[in-house]
Amino acid sequence: MQVGRILKSTSLLMDANDLDDESIAAAATQSLQEVLRLDPKNMKALESLNQISELYSQKSMEASNEGRLNEAIQFLERASLANPLNKNLDSARALVARAETEQGTIKSLLIEAQQLIEEGSLIYPPERNAVNRYQRVLATYPGNPAALQGISLATRQLIARGEDLLDRGDLSGVQNLIQGATFLGLSNESFDGLRNRLLQANRLEEQIQKNLFIARSLIQKGYLTEPPYENAVEALFSVQWLDSDNEEANLLLEEIAVKLASIAESSWEAGLQLEAVKYINLALALDTERENWKRWKAEWER
């Protein structure tokens, strides 16, 4: 079902726009590659990617013949990303390789890519990043050792950056990183581990939010500590079990402790000693640092 939705939206995009527009071609390529990740033998996706690759390999050859080497490499990169097995790529590469300024351009791209790596500009900004520069080199020389090494280094650094974002709970940041990396043609498989961790984190976050919602609802109903296993405190403990530093859960437990202490004080003033002791003990179970509550407990249990 997901494959069908992606194919339909991509077909509409390609039908409604000119594939000569690189942004349209790039978006279509990314969507079609996602289809192949989900369904590696999908013929519609393979045919559409080949169509894009054919168009941009022709554009690359035209640019090479006209001495527009930078454009030729850029078009060749687009063609290679769409279908690296396109037979016309060899002809396009040969034309680029014969361009008079080709060696200087490749050297400049590698130097710039290294500088961008050092700056931390791995995949952003969109038009000036290390991966983009290495991919432009590989579009001409697929086996260029420096570019391949650079791509590998950038991939490792991106995965480490994604893991750091996960540890800090920035799930949208991880999603954007994965999308940005695969958009630039980095291997989907390289990011499978990070993608799986993101999926687990999203599921965990959904469960946390569900338990917080239940806890807030139980607090509104007055079910603070009872009935057993269906009260606000139990719901919030389940949140803390999933995320021990959850700020909202900690604040709600503190709010419940204050309410329990207030009930205990009212009970004592009404002459209900057993009730007062019960509720002050419940309050202290949630917040053991309140000195005035400790004094009440000591006085009321005499």
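Just so it is clear, the model here is predicted, and its values are computed rather than measured.

By volume, the largest pocket is sized at about 700 Å³. Residue lining of the largest pocket: 26 residues in total, with Q33, S80, L81, P84 and G185 positioned closest to the centre. When contributions to the lining of the largest pocket are tallied by element, the ones reaching two or more residues are α2 (22-38), α3 (43-65), α4 (69-82), α7 (130-140) and α8 (145-167). A class-by-class count of the residues in the lining of the largest pocket yields 14 nonpolar, 8 polar and 4 charged.

Take the confidence of the model for the protein next. In low-pLDDT regions, the fine details of the predicted coordinates are not to be read closely. Averaged over all residues, the pLDDT of the protein is 87; the fraction at 70 or higher stands at 98%. Confidence scores differ between elements of the protein, with helix α1 (residues 2-16) showing the lowest mean pLDDT of 80 and α8 the highest of 93.

Of all hydrophobic cores here, the largest spans 59 residues; its most connected members are I52, Y134 and L158. Top contributing element to this core by residue count: α4, with 7 residues. The contact partners of L158, leaving out residues within four places of it in the chain, are L122, I123, L177, A181, L186 and F191. The next biggest cluster of nonpolar side chains, apart from the first, holds 28 residues, and it includes A257, L260, A261 and W293.

The final tally for this structure, using the stated rule, is 3 aromatic pairs. Each ring, one from W268 and one from W300, has its centre 5.1 Å from the other, and the planes form 15°; the classification is stacked. One end of the pair, W268, is in helix α12 (residues 247-269); the other, W300, is in helix α14 (residues 291-300), and 32 residues separate them in sequence. Of the residues examined, W268 reaches a relative accessible area of 36% and is grouped as partly exposed. Here W300 falls in the buried class, since its relative accessible area comes to 3%. Just above the ring of F75 sits the side chain of K59; from NZ or CZ to the centre is 4.6 Å. A cation sits over an aromatic face here: R290 above W293, 4.7 Å from the ring centre.

Here the focus is the packing of α1 against α3. As a packed pair, α1 and α3 sit with axes 11 Å apart at the nearest point and diverge in direction by 25°. The pairing of α1 with α3 is recorded here as roughly parallel in orientation. Here α1 runs over α3; the crossing is left-handed. Here L7, S11 and M14 of α1 lie close against α3, whose contacting residues are K44, A45, S48, Q51 and I52. Of the residues in the contact of α1 with α3, the class split is 4 nonpolar, 3 polar and 1 charged.

So, on to the environment of Q2. Position of Q2 among the secondary structure elements: in helix α1. In the structure, Q2 is positioned 36 residues away from L38 in sequence and 8.7 Å away in space, judged by C-alpha atoms.

The terminal C-alpha atoms of α8 lie 33 Å apart, and with 23 residues this matches the ideal 33 Å at 1.5 Å per residue to within 8%. Among the residues of α8, those classed as buried are A147, G150, I151, A154, T155, L158, G162, L165 and L166. Where α8 begins, the capping side chain belongs to N144, and its oxygen is found 3.2 Å from the backbone nitrogen of A146.

Parameters and conventions
- Residues numbered from 1 in each chain as written.
- Predicted model: local features only at pLDDT ≥ 70, side-chain atom pairs only at ≥ 80, totals over all residues.
- Heavy atoms only, no water.
- 1 Å grid on protein atoms, 1.4 Å probe; cavity = no way out; pocket = protein on both sides within 12 Å on 5 of 7 lines; lining within 4 Å.
- Points joined across faces, edges and corners; volume = space filled by probe spheres on them.
- Helix = DSSP H or I, 4+ residues; strand = E, 2+ residues; numbered from the N terminus.
- Nonpolar A, V, L, I, M, F, W, Y, C, P; charged D, E, K, R; others polar.
- pLDDT = per-residue confidence, 0-100.
- Core = buried A, V, L, I, M, F, W, Y, C linked by side-chain atoms within 4.5 Å.
- Buried < 20%, exposed > 50% of the residue type's maximum accessible area, 1.4 Å probe, protein only.
- Contact = heavy atoms within 4.5 Å.
- Phe/Tyr/Trp six-rings, centres within 6.5 Å; stacked < 30°, edge-to-face > 60°.
- Lys NZ or Arg CZ within 6 Å of the ring centre and 35° of its normal.
- Axes fitted to C-alpha atoms, helices over the stretch in contact; angles between N-to-C directions.
- Parallel < 35°, antiparallel > 145°, perpendicular 65-115°, else oblique.
- Left-handed = near helix turned anticlockwise from the far one by under 90°.
- Expected span 1.5 Å × (residues − 1).
- Polar contact = N/O pair within 3.5 Å; in protein donor to acceptor, adjacent residues only side chain to side chain.

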